[in-house]
Amino acid sequence: MELFNDLTRRKELFTPIKEGEVTFYSCGPTVYDFFHIGNSRPFIVFDVLRRWLEYLGYKVTFVQNFTDIDDKMIKRANEEGITVKELAEKFIAEYYRDAKALGIRPPTVAPKATEHINEIIDTISKIIKNGHAYVSEGDVYFDVKSWPNYGSLCKQNLDDLEAGARVEPGEKKKDPLDFALWKAKKSGEPFWQSPWGEGRPGWHIECSAMSSKYLGENIDIHSGGVDLIFPHHENEAAQSEAASGNNKPFVNYWVHNGFLLIDNKKMSKSEGNFTTARAAMQKYPPMAIRFFMLSAHYRSPINFTPEALEQAANGVARLKNCIDDLNFASKSRVDNNSDFDIQIFEKELTDLKAKFTDAMNDDLNTAAAIGDLFGVVHLVNSSLKDNAALPEKFFELSKSAFDFYNDILGLPGQDENLSELDENEIENLITERTNARKAKNFKRSDEIRDFLKSKGITLEDTPQGTKWKLSVN
Ligand code: AMP
Ligand code: ZN
């Protein structure tokens, strides 16, 4: 597969360090609040990259951290009158709830900064020993000018960077470009013992320490949003390479997603223009949100608008309805003597799968890949429409095609229901309606149809019985 590497600014053939294995680190959330829809973009797109690499046959170790100590964590815990640990526990649990609803698989390892203080201290000690960091009144800073490669990821020279650098009140650094690896204890803040006195880690160092612990000093892929290129990832690369001292790059492929925009501005907590994923999922089916994220290339910016989300919800409903129709027909319309041309059908499916594979291998072009999935939807729908009976093989091939696409994209499978009613409730109401119709109680049967419609379910009466579908607007 080819991946766009931000280090070289071009698409490169992906070749892992160790044959058959991929070491993949993705920067995770700071757990002081629910994550917003913008944050969910990297979680979703890199979940798909991980699934795709697994499909290609690699054993992927996917590490995504939880930042559970930083200024925002401390501020929010103080505001809420709880400890930083309590705040982190609460929002880690909420992360998993939202991630599951969005079809985001849990990472192989999800390390927390506060549980890796020893590893962080070790990493800082190595950087000091190798001459790239210094201690200043209980703080430790990375000495940026001692690191010749600094700026190679963000493609800026030191003068430009220096122009934008500032020294925050209380910082004791020698040069405005330097950044904190360790911060001396301040009153009211959590702290740990260290060789430099009591204090806590700076933000960037946790990713260097945890990445090397779980994946080794040199890894294949590191991902996050584009806003992380500078300073976070530039700093991580400098720290990790300064600590390892092995002259090998910390990361071979740096992969970044574009922004999710709202009214053409980056969605962010600090701007206050955000919608949490939790709130968005009360408005739109979670799978519509996932579909929306995958309907654009991961590096392009995307606009979060009600129209785009409704369009995505329609897409998901069309997919789900096709799978439901297929299941329904497989119960009553199988006929191995049907004159349906299964060979042509199989060839068309194979061609679509080849196109899908090419798109995914082309820097994870999920937008094009989804187009091929809808090629399958179209093919299955028209086969069902044009043929009263179909051979068993038609159903087998179609179902396994959908399983393949849905597994990779993490979209709804056959059994998933995206309405707020569960399937038993829907089936029970349909039975009640069928009985009401038999008893000529049309008032009740209409009531049930209208009620289901208000919940986004459309009924269709067929000679084989009543089918339900998610409404398509
Ligand atoms: P944070 O919790 O702020 O560290 O963000 C977690 C992840 O979300 C990081 O990879 C960020 O780069 C990413 N991110 C934050 N805002 C956006 C946005 N508006 N669009 C896309 N990604 C974002
Ligand atoms: Zn990070």
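Everything numeric here is computed off the predicted structure, so don't read it as measured data.

Novice: Help me understand the site of ligand 1, please; the structure alone is not making it clear to me.
Specialist: The local shell around ligand 1 holds 16 residues, among which Asn39, Gly225, Asp227, Leu260 and Met267 are the closest. The separation between a nitrogen atom of ligand 1 and a polar main-chain atom of Gly38 is 3.2 Å. Look at ligand 1: alone it shows 490 Å² of surface, and the protein chains cover 90% of it. At the level of secondary structure, the elements contributing two or more residues to the shell around ligand 1 comprise α1 (37-55) and β9 (219-225). With three residues, α1 is the largest single contributor of residues to the shell around ligand 1. Grouping the amino acids of the shell around ligand 1 by side-chain chemistry returns six nonpolar, eight polar and two charged.

Novice: In this structure, what is going on with the coordination of the zinc ion (ligand 2)? I would like to understand it.
Specialist: Reference values for angles at a metal are 109.5 degrees in the four-donor tetrahedral case and 90 or 180 degrees in the six-donor octahedral case. Donor atoms from the polypeptide that bind the zinc ion (ligand 2) are Cys27 (SG), Cys207 (SG), His232 (NE2) and Glu236 (OE), placed at 2.0 to 2.5 Å. Coordination at the zinc ion (ligand 2) is irregular: its four donor atoms span angles of 71 to 131 degrees at the metal. Spacing between the donor residues of the zinc ion (ligand 2) along their common chain follows C-x179-C-x24-H-x3-E. Highlighted residues: Cys27 in the loop between β3 (21-26) and α1 and His232 in helix α7 (residues 229-244), separated in sequence by 205 residues. Looking at Cys27, the relative accessible area reads 8%, which means it is buried.

Novice: I tried to follow the packing of helix α4 (residues 117-129) against α7 on my own but got confused; where do I start?
Specialist: Axis angle and axis distance: for two packed helices, these are the angle between their axes and the distance between the axes, and together they describe the pair. At a minimum axis distance of 8 Å, the contact between α4 and α7 shows a crossing angle of 70 degrees. Taken together, the axis directions place α4 and α7 in an arrangement best described as roughly perpendicular. For the pair formed by α4 and α7, the contact residues are Thr123, Lys126 and Ile127 on the first element and Gln239, Ala242 and Ala243 on the second. A breakdown of the residues in the contact of α4 with α7 according to their chemical character gives three nonpolar, two polar and one charged.

Novice: Help me understand the packing of aromatic side chains, please; the structure alone is not making it clear to me.
Specialist: Taken as a whole and assessed by the stated rule, the structure comprises 29 aromatic pairs. Ring centres 5.7 Å apart and planes at 85 degrees place the aromatic pair Phe14 and Tyr58 in the edge-to-face group. With Phe14 in the loop between β2 (10-13) and β3 and Tyr58 in the loop between α1 and β4 (59-64), this residue pair connects regions lying 44 residues apart in the sequence. Taken together, Phe35, Phe43, Phe66, Tyr95 and Tyr96 form an aromatic cluster joined through their ring pairs. The ring of Phe404 is capped by Lys353, whose NZ or CZ atom sits 4.3 Å from the centre of that ring.

Novice: Sorry if this is basic, but what is going on with unusual backbone geometry here?
Specialist: For residues that are not glycine, phi is negative in most cases, and the peptide bond is trans in most cases. For the bond running from Phe230 to Pro231, omega is 0 degrees, close enough to zero to count as cis. Relative to the helices and strands, Pro231 resides in helix α7. Here the phi dihedral of Arg9 falls at roughly 60 degrees; this positive angle occurs in a residue that is not glycine. Taking the relative accessible area as the measure of exposure, Arg9 reaches 40% and is therefore partly exposed. With phi around 60 degrees, Lys155 is a residue other than glycine that occupies positive phi space. Its place among the elements puts Lys155 in the loop between β6 (139-142) and α5 (158-164).

Novice: Which parts of the structure should I look at to understand the packing of helix α12 (residues 366-386) against helix α13 (residues 392-409)?
Specialist: One way to put it is that α12 packs onto α13 with a least axis distance of 11 Å and a crossing angle of 160 degrees. By the criterion of interaxial angle, the relationship of α12 to α13 is roughly antiparallel. As for the relative orientation of α12 and α13, their crossing is left-handed in sense. Taken together, the residues of α13 that come into contact with α12 (itself represented by Thr366, Ile370, Leu373, Val376, Val377, Val380, Ser383 and Leu384) are Phe394, Phe395, Ser398, Ala401, Phe402, Tyr405 and Leu409.

Novice: Please explain the sheet that holds β4 as it appears in this structure.
Specialist: One key point about sheets: their strands pair by backbone hydrogen bonds, in either a parallel or an antiparallel sense. Strand order in this open sheet of four strands is β4-β3-β9-β10, and the pairing throughout is parallel. Looking at the sheet topology across the chains shown, the edges are occupied by β4 and β10 (251-257). Across the sheet, the mean angle from the axis of one strand to that of its neighbour is 20 degrees, orientation sign disregarded. Across six bridges, β9 lies against β10 in parallel orientation. Considered in β10, the bridge of Gly225 is made with Asn257.

Novice: What am I meant to see in the pairing of β3 here?
Specialist: Regular strands place their side chains on alternate faces of the sheet. Within β3, five of the six residues are buried, which leaves the element mostly enclosed by the surrounding structure. Here β3 pairs with β4 via six bridges, running parallel. Each bridged residue has a counterpart across the sheet, and for Phe24 the counterpart in β4 is Phe62. As judged from the three bridges shared by β3 and β9, these two strands associate in the parallel manner. Bridge pairing links Tyr25 to His222 in β9.

Cut-offs and rules
- Starting from 1, residues in each chain are numbered consecutively following that chain's sequence as written.
- Chains carry letters and ligands carry numbers; both start at the beginning, A for chains and 1 for ligands, and go up in the order they are written.
- Given that this is a predicted model, residues contribute local features only at a pLDDT of at least 70 and side-chain atom pairs are listed and counted only at 80 or more, while totals for whole chains, interfaces and linings are drawn from all residues.
- In computing side-chain values, all of the structure's heavy atoms are included and hydrogens and water are not.
- Being near a molecule or strand, for a residue, means having at least one of its heavy atoms within 4 Å of it.
- Any N or O atom pair separated by 3.5 Å or less is treated as a polar contact, with the protein-specific requirement of one donor-capable and one acceptor-capable atom, and with residues adjacent in sequence counted only for side-chain atom pairs.
- Note on areas: these come from Shrake-Rupley sampling with a 1.4 Å probe, and a residue is covered only by the protein chains present in the view.
- Helix and strand labels come from DSSP, where a helix needs a run of H or I of at least four residues and a strand needs a run of E of at least two; each type is numbered from the N terminus.
- Polar here means any residue outside two lists: the nonpolar Ala, Val, Leu, Ile, Met, Phe, Trp, Tyr, Cys and Pro, and the charged Asp, Glu, Lys and Arg; Gly therefore counts as polar.
- In this analysis a donor is any N, O or S atom within 2.8 Å of a metal ion (3.2 Å for sodium, potassium and calcium), and since water is not included, sites may seem incomplete.
- Site shape is set this way: if four donors have all angles between 85 and 135 degrees, tetrahedral; if opposite donors are over 155 degrees apart and all others between 65 and 115, square planar for four donors and octahedral for six; otherwise irregular.
- We call a residue buried when its accessible area falls under 20% of the maximum for its residue type, exposed when it is over 50%, and partly exposed in between, using a 1.4 Å probe and counting protein chains only.
- Every axis corresponds to a line fitted to the C-alpha atoms, with the helix fit spanning only the stretch in contact, and the corresponding angles, defined between N-to-C directions, vary from 0 to 180 degrees.
- Throughout, the term roughly parallel applies to angles under 35 degrees, roughly antiparallel to angles over 145, roughly perpendicular to angles from 65 to 115, and oblique to all others.
- The criterion used for residue contact is that any of the two residues' heavy atoms lie within 4.5 Å.
- In this scheme Phe, Tyr and Trp rings, the latter by its six-membered ring, pair at centre separations within 6.5 Å, and the angle between planes marks the pair as stacked below 30 degrees, edge-to-face above 60, and tilted otherwise.
- Geometrically, a charge over a ring is one whose NZ (Lys) or CZ (Arg) sits within 6 Å of the ring centre while staying within 35 degrees of the ring normal.
- Crossings are classed by handedness, with left-handed meaning an anticlockwise turn of the near helix from the far one by less than a right angle and right-handed meaning a clockwise turn.
- Pairs of strands are assigned from DSSP output, requiring at least two bridges between the strands.

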